[in-house]
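# Notes for the structure review
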Amino acid sequence: MDYNQISLEIDATMALITINRAEKHNAISLETLAELQHAVAEAEREESVRTVTITGAGGRAFASGSDLSEVKDRDFKKALEPIVQGLADQLERLSKPTIAAIDGICMGGGLEVALGCDLRIATPKSRFATPEGKLGIIPGGGATARLPRIVGRGWGMEMLLMGEPITAERALSIGLITRIVEPDKLIDEARSMSEHIAEFAPFVPHTMKMMVNFGMEASTTAAQMLEKYAQGALVQTDDAKEGIRAFLEKRKPKFKGS
């Protein structure tokens, strides 16, 4: 597929997807969404890819939100379609870990895309907000569900009700992001994280994601039982035997994905 509003670059273990609408602060149009979903699916099919990173071009924004020129004409039926929610759900269900590499504005629908990722890193100048209330609407891409689960109910309500931007330092302190990186090191940091994850047995990140995502929706007892069954399945794999053997022999394991 030829991409017009994004780019997809596969470099060793990492697929880098860049939103290329810098002149619009990387606002997410319906075309952007369709291309992002296609690129994510393409990256998942590529066997060499171990992580998928999403970022924004231009150095001013990860994504400033949904393209309001389209939102203004959205009716009730259109609003019920899984638009940004569909991409965030896709990222959350992806078998490979996902990273949002944020440089600049990350608001509205842009923040909701980032919330669908497993890991979020940002530059010091980055700003985060859910400003939809100021427009007479509420978020429609999953922020009311995901944001409180990630940062807690208190800060989730603060961001949703107040709609004011928070700094990268505040985002780090409440757990919205986990690392602050200088702009010229942002993609290198994502690549370093990808290379680190690639050293694990292939089953591990996928299973870890499923345990967290399913476990968050279940009771603690059910989540722990699911974890036990998953561990029981993995411990029987050749990679698990190799990992334990390598640790005891004080050498680097050679995982084969079996």
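Above this text you will find the structure in question.
Read on for an overview of the structure. (Residues numbered from 1 in each chain as written. Predicted model: local features only at pLDDT ≥ 70, side-chain atom pairs only at ≥ 80, totals over all residues. Heavy atoms only, no water.)

### Re the layout of surface pockets
For the record, the criterion: Definitions used for this entry: grid spacing 1 Å over protein atoms alone; cavity, a set of points where a 1.4 Å probe fits but cannot get out; pocket, an open set with protein on both sides within 12 Å along at least 5 of 7 lines; lining residue, one with an atom within 4 Å of a point. Grid points are joined across faces, edges and corners, and a volume is the space filled by probe spheres set on the points. A run of DSSP states H or I qualifies as a helix once it reaches four residues; a run of E qualifies as a strand once it reaches two. Both are numbered from the N-terminal end. For this classification, the nonpolar set comprises Ala, Val, Leu, Ile, Met, Phe, Trp, Tyr, Cys and Pro, the charged set comprises Asp, Glu, Lys and Arg, and every other residue, Gly included, is treated as polar.
Roughly 980 Å³ of internal volume is contained in the largest pocket. Lining the largest pocket are 37 residues, and of these Glu92, Asp118, Lys209, Val212 and Asn213 lie nearest its centre. Every element with two or more residues in the lining of the largest pocket is listed here: α4 (84-93), β7 (119-122), α6 (143-151), α9 (186-198) and α10 (203-216). Broken down by element, the residue count for the lining of the largest pocket peaks at 10 residues, all from α10. For the lining of the largest pocket, the residue count by class is 19 nonpolar, eight polar and 10 charged.

### Re the packing of α6 against helix α7 (residues 153-162)
When two helices pack together, you describe them by how their axes are tilted relative to each other and by the distance separating the axes. What counts here: Here the axes come from fitting lines to C-alpha atoms, over the contacting stretch only for helices, and the angles between their N-to-C directions go from 0 to 180 degrees. Should an angle fall under 35 degrees it is taken as roughly parallel, and over 145 as roughly antiparallel, whereas 65 to 115 is taken as roughly perpendicular and any remaining angle as oblique. For any helix crossing, the convention is left-handed if the near helix is rotated counterclockwise from the far helix by under a right angle, and right-handed if that rotation is clockwise. Any two residues having at least one pair of non-hydrogen atoms within 4.5 Å are treated as being in contact.
Relative orientation of the contacting elements α6 and α7 amounts to 135°, with a least axis distance of 6 Å. What the angle tells us is that α6 and α7 run oblique. As α6 runs across α7, the sense of the crossing is right-handed. Here Ala143, Thr144, Leu147, Pro148 and Val151 of α6 lie close against α7, whose contacting residues are Arg153, Trp155, Gly156, Met159 and Leu160. Here the residues of the contact of α6 with α7 sort into seven nonpolar, two polar and one charged.

### What about the side chain of Ser194?
Selection criterion: Here's how the labels work: a residue is buried when its accessible area is under 20% of the maximum for its type, exposed when over 50%, partly exposed in between, all with a 1.4 Å probe on protein chains only.
Relative to the elements of secondary structure, Ser194 occurs in helix α9. For Ser194, a relative accessible area of 0% gives the class buried. Those residues within four positions of Ser194 in sequence are excluded, and the remaining contacts are Thr13, Met14 and Thr51.

### Looking at the pairing of β7
Counted only if it meets this: Two strands pair if DSSP finds at least two bridges between them.
Strand direction decides the pairing type here: strand β5 (residues 98-102) and β7, joined by four bridges, are parallel. Bridging across to β7, Ala101 finds its partner in Ile121. Summarising the sheet, β7 and strand β10 (residues 179-180) pair through two bridges and their orientation is parallel. Its bridge partner being in β10, Ile121 is matched across the sheet by Arg179.

That is the geometry; function is a separate question.
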